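# Structural overview
Take a look at the letters that make up each chain.
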Amino acid sequence: MAHAAQSLHPSQPLKPGHSAKRHTGLMDWITTVDHKKIAILYLWAGGLFFGIGGLEAILIRIQLIKPMNTFLDAQTFNELITMHGTTMIFLGVMPVIFALMNAVIPLQIGARDVAFPFLNSLGFWTFLFGGLLLNLSWVMGGAPDAGWTAYTPLSGKGYSSTHGVDFYTIGLQIAGLGTLIGGINFLATIITMRAPGMSFMRMPMFAWATFITSAIILFAFPAVTVGLVLLTFDRILDANFFNVAGGGNPVLWQHIFWIFGHPEVYILILPAFGIISEVIPTFSRKRLFGYSSMVFATILIAFLGFMVWAHHMFTTGLGPVANALFSVSTMLIAVPTGIKIFNWLFTMWGGQVRFTTPNLFAAGFIPTFTMGGVTGVMLASAPADFQFHDTYFVVAHFHYVIVGGLVLGLFAGLHYWWPKMFGRMLSEALGKWTFWTFIIGFHLTFFVQHFLGLMGMQRRVFTYLPNQQFDLLNLVSTVGAFLMGVGMIIFLVNIFLTSRRPADAPNDPWEDGRTLEWTIPSPPPEYNFKQTPLVRGLDAFWKEKMAGAKAMTPAEPVGSIHMPSATILPFMMSVGIFIAGLGFMFSRDEFNNSIMSFLFNNYIVTALGLLITFGSMLMRSLFDDHGWHIEPEELEGR
Amino acid sequence: MTAAFGLLLAGCGREDLSVLRPQGPVAESSYALMKLSIAIMIVVLLVVFSIATYVWIRFRRKKDQNEIPKQVEGSFKLEVLWTVIPLILVVVLAIPTVKVVFAAGNDHSDDKDAIKVKVTGHQYWWEFEYKDYGVTTAQDLIIPTGKHIAFELSTTDVLHSFWVPSLAGKMDTNPDGTVNRFSFSAPNEGVYRGKCAELCGPSHGFMEFKVKSVSGEAFEKWIASMKAPESVMPDDPALAEKFKSQCLSCHAIGSMPASPVAPSLTGIGSREAVAGILLNDDTREDGAPILENLKTWLHDPQSVKPGNKMPNPKDMGLSDEEIDGIAEFLAGYTLE
């Protein structure tokens, strides 16, 4: 697989005789290994799941609009909260993060693709099929209902008897595979494929954030992989990892889940930090204040992020020593986070701040995320957390961090890089409408929830008794949720209208671009850089602009460019895993139809799925594909 | 400043339910930490908001402003400043936190004067066993004012979390092997609302209970009446037979040994609520009279508390009249 990366250096001659395999239409999307197209796939798939998760949120808020509401029944409500959390985190925001990473990272570091284009495609398709599997639960006997944290024994077979939690464990397992693959790919890409002159300390902040995030993924996702395997075995093969009667322990699941789950929070928020660190300097026309301390703070947050998981478990009964240690370690995270916030503020200080839509979202991000951050420090104090834990105060806190932090960051990033991804500027007027409706709706929805929690409303309740002074605040919260929905619809309208306009965005549409992605056409050609650029400092493009140059100095002559071949194998592998997962899940079921029973109960379906996957892997191993070349004549012909 | 926030927050919520209106020392200590942390955090927010507002207004790009701003690399002094000040703030919050954490670690399990209560969570009801007295009850936890109550928490099914916001923070009920202990006390007489705070199934939101804090004498009197209950049965012998064969197959009453599958019915007529959520209130302000609540519950338990384990009495062969009769009997079954 390394040949794709190696042969980017034209000095190494490639074997002749590989002509370009080009597909069109749907086949093009299914077989593509181009990071820019995979980014678009991630964006649409993530957007689809984000929409599903958003509708689930609206249903939840309608149910809670008044006390003793009967809009939803209790079981459906529990399925909705479980799927809302799981969908939003694993299938909604993470793919959109990956969309931006895929679209931007190779361009920002001056590379022609990621290190492993084949794996990149595999990562997307496993994520998509895992997400589809999880959502199939709605039409195949019931969605998971034990919360996105799936605490045992509630998520065990004894208390959750439908296949819901099986869809959760196996769906997330498959989707998680994609995330892990993506993380490894970005680590390798950033380590090995930076343009000449781009040392680590000259990398754009978003590239740093992606690098650190990928490292967290590498260490955190194996934990959830193990946890999900254990839970799957408990449920399907009657193992006893979490069953007290069989010598297991349900608290073990909580540890495994949060050893993954807390770093996951930083997997989500660090990319947002990276985006904000790109948008603010661009629209302040000023370099990022305290670049090296920003890098240091990011690394420190990632490190501390692994040391604090038990703060999710203060009320589990860990004893005072553990509670004290995890309280203090959690509070410490406030320090590097504070460094970041002040550095952003001082980036704008003395600059020329322009409130374009991306920068509006970045400006909204700072106070909103800070509010989520300070409630995080409050939660870190264990004796206070005994009161906060599992109430609406916590719900408010993590929505401030994830929506007020990450989602505002993603909006900033999408508006900022949209012209680079699609060649079209989103409408600024509609973008500003999106911002104001979304952020006002957001604060209406979640600010009041702090008080609901403190007044005694626990989370995950399908309804509540009247006369508890909860009614008005819940009504306000629901109204806010609808306003956020309006913001999302305006964004979709903006995308639709923009897609009908001609693709005429210039290379540097914001005019003050500082990094390499703004030196090439929007959207970039499939090889990104005709000649690999030479990087002479931080904010490479800005540096050239200040020196009076219009373009980057090339680091190589125009030469033949090696490209990876399109392939359907990653898609096939993912289909295989999907079939195997479904087959395994139903392997102990009794069917009315004897043929079905025969196929599933003898693991024939599972075996068939694995055969497709391993068969595809074998094909990949046996038949070398050396890719193809774009010759200099073709490059000049454009 | 802390006091000002205290005043501001004290308006929030019911006295018997709100974290912001603590009614006992344990809740007070959590609340004190909250006030300290809120005060620190509001200062932080004010600083961030002020700088942000200033830069947004002062450094907004003006029309025909085209010169290139000075590209500042950073400032070592400022970086040190905003590293050290947050560190100091963290220390200010961490010291009392650690103190209170260890104070909360005193569970009074060895305290001879403490009242020891074993709390067991069930889908979706609470069992309270007074170990030193050999008394078991459900849904209403009766405690004497001023005494430390030493809790031992566990569950027979899924995880629950035992929470009385106005008296103390919550603690999970885990299965055997990871039994939790903690303690709180209530200086004043009153009825406080308790809730389950860990998702435990469809009726998680309805798994409520009450803590009734009474004087020492009243508590002793209650214990005595629980220990030597009158053997009461419905007056009508046919109904009594039905009650015995259908209800008492799961529920315990009077001197019967406590049942692990269903709440004890001893003195149910004196309780604050039926099924934890149908509040008994003759004034109808916050509920309904107990007889009405019992009828609502017994005629269709699933519609009141979805997913609960009690079979529908109608499915067990009880007629509407028999159900009403049992409801009347239970409503009159008080402990006096």
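See the structure shown above.
Throughout what follows, the structure given in this document is the object of discussion. (Residues numbered from 1 in each chain as written. Chains lettered and ligands numbered in written order. Predicted model: local features only at pLDDT ≥ 70, side-chain atom pairs only at ≥ 80, totals over all residues. Heavy atoms only, no water.)

Residue and element names in this part refer to chain A. Scanning all chains against the criterion turns up 79 aromatic pairs over all chains. For the pair Phe90 and Phe260, a centre-to-centre distance of 5.9 Å together with 15° between the ring planes defines the contact as stacked. A residue pair is termed long-range when its members are at least 10 positions apart, and Phe90 in helix α4 (residues 74–108) and Phe260 in helix α8 (residues 250–284) qualify at 170 residues. According to the relative accessible area criterion, Phe90 is buried, its value standing at 8%. Looking at Phe260, the relative accessible area reads 0%, which means it is buried. Taking the centre distance of 5.5 Å and the plane angle of 65° together, the rings of Phe273 and Trp344 count as edge-to-face. Placement of the pair is Phe273 in helix α8 and Trp344 in helix α11 (residues 334–348), with a sequence separation of 71 residues. For the pair formed by Phe273 and Trp344, the shared burial category is buried. What links up through ring pairs into an aromatic cluster is the set Tyr42, Phe49, Phe98, Phe124, Trp125, Phe127, Phe129, Phe186, Phe571 and Phe578. One cation-aromatic arrangement involves Arg194 over Phe200; the distance from NZ or CZ to the ring centre is 3.9 Å. (Phe/Tyr/Trp six-rings, centres within 6.5 Å; stacked < 30°, edge-to-face > 60°. Helix = DSSP H or I, 4+ residues; strand = E, 2+ residues; numbered from the N terminus. Buried < 20%, exposed > 50% of the residue type's maximum accessible area, 1.4 Å probe, protein only. Lys NZ or Arg CZ within 6 Å of the ring centre and 35° of its normal.)

Taken residue by residue, the interface counts 89 residues in chain B and 94 residues in chain A. Carbon and sulfur atoms supply 70% of the area that chain B and chain A bury against each other, a total of about 7,700 Å² over both sides. Considering only the side of chain B, the residues that lose the most area to chain A are B:Trp56, B:Trp82 and B:Leu199, jointly responsible for 10% of the buried surface there. The residue A:Asp512 makes a salt bridge to B:Arg61 at a minimum N-O spacing of 3.4 Å. Counting every contact that joins chain B to chain A gives 33 residue pairs in polar contact (both at pLDDT 80 or more). Contributions of two or more residues to the side of chain B that touches chain A are made by α2 (25–58), α3 (76–104), β7 (168–173) and β9 (190–196) of chain B. (Contact = heavy atoms within 4.5 Å. Buried area = accessible area lost by both parts, 1.4 Å probe. Salt bridge = Lys/Arg side-chain N within 4 Å of Asp/Glu carboxyl O. Polar contact = N/O pair within 3.5 Å; in protein donor to acceptor, adjacent residues only side chain to side chain.)

Attention shifts here to the side chain of A:Ser214. Counting through the fold element by element, A:Ser214 comes out in helix α7 (residues 205–236). In this structure A:Ser214 touches A:Gly183, A:Phe186 and A:Leu187, once residues within four positions along its chain are discounted.

Here the focus is the pairing of strand β6 (residues 160–164) of chain B. All names here are of chain B. By the criterion of burial, β6 is predominantly enclosed, with five of the five residues buried. Sheet analysis places β6 next to β7, joined by four bridges and oriented antiparallel. Bridge pairing in β7 links Val164 to Ala168. The turn linking β6 back onto β7 is made up of three residues. Where β6 meets β9, two bridges bridge the pair, whose relative direction is antiparallel. Residue pairing across strands places Phe162 opposite Cys196, the latter belonging to β9. (Pairing = 2+ DSSP bridges.)

Limitation: the analysis is restricted to geometry and does not speak to function.
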